[in-house]
Amino acid sequence: MAQSPCDADQRRYQGPARSVYAAIVDGVDAKRRRFRFCLAHLEEYMNRVGPHLVDAQLDLGAAPGHTRPPCPACGQVPDDAIQIFLTVYPDRDVRDDYWGVACANHRARAEALLGLD
Ligand SMILES: [Zn+2]
Ligand SMILES: [Zn+2]
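Calculation rules
Residues numbered from 1 in each chain as written. Chains lettered and ligands numbered in written order. Predicted model: local features only at pLDDT ≥ 70, side-chain atom pairs only at ≥ 80, totals over all residues. pLDDT = per-residue confidence, 0-100. Helix = DSSP H or I, 4+ residues; strand = E, 2+ residues; numbered from the N terminus. Pairing = 2+ DSSP bridges. Contact = placed C-beta atoms within 7 Å. Axes fitted to C-alpha atoms, helices over the stretch in contact; angles between N-to-C directions. Buried ≥ 20, exposed ≤ 12 C-beta atoms within 10 Å, placed from the backbone. Arc of directions from axis to C-beta.

A. A look at the confidence of the model for the protein. Looking at the protein, the pLDDT average stands at 88 and 89% of residues meet or exceed 70. The spread of mean pLDDT over the elements of the protein runs between helix α2 (residues 56–59), the lowest at 70, and helix α3 (residues 107–114), the highest at 97.

Below, the structure written as structure tokens:
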């Protein structure tokens, strides 16, 4: 099986690719990127990004007024929010979806966090 390099350091690695689909959506304007990481860099990415997001599966049945995660840049709950979507395939047949929000005026910092800048 041909191996593509890890997007974190461009090195080839053993084992399956761990894919991450990151997106920031601001109305109809979306910025998306797919990453392929080795296991170590997937863990590093998720340790950085994960604490700012919530598990989208758990959120599905949430009642109105459910607490949203704060903006990763300023820690405030945004009034004028843009949305962050992250889908992670940590292993074959495993899919994890995460969701978050950021202030519209902190979009650049949210993009930097996700590696979309
Ligand atoms: Zn790597
Ligand atoms: Zn903010």
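B. Spotlight on the sheet that holds strand β4 (residues 81–91). The sheet built from 5 strands is open, its strands ordered β2-β1-β4-β5-β3 with antiparallel pairing. Edge positions in the sheet fall to β2 (29–37) and β3 (54–55), since each has one partner strand and no second. Relative to strand β5 (residues 94–103), β3 is paired through 2 bridges, and the arrangement is antiparallel. Each residue of the ladder has a partner; that of aspartate 55, found in β5, is tyrosine 98. Relative to strand β1 (residues 18–26), helix α1 (residues 39–49) is tilted by about 30 degrees, and along the sheet it contacts β1, β2 and β4. Against the sheet, α3 engages β1, β2, β4 and β5, with an angle of about 175 degrees to β1.

C. Summary view of α1. The set of residues buried in α1 consists of Leu42, Tyr45 and Val49. In an axial view of α1, the angular spread of the buried residues amounts to 65 degrees, which keeps them on one side of the axis.

D. Summary view of the environment of arginine 48. Structurally, the position occupied by arginine 48 is in helix α1. Taking C-alpha positions, arginine 48 is 8.7 Å from leucine 114, a pair spaced 66 residues apart along the chain.

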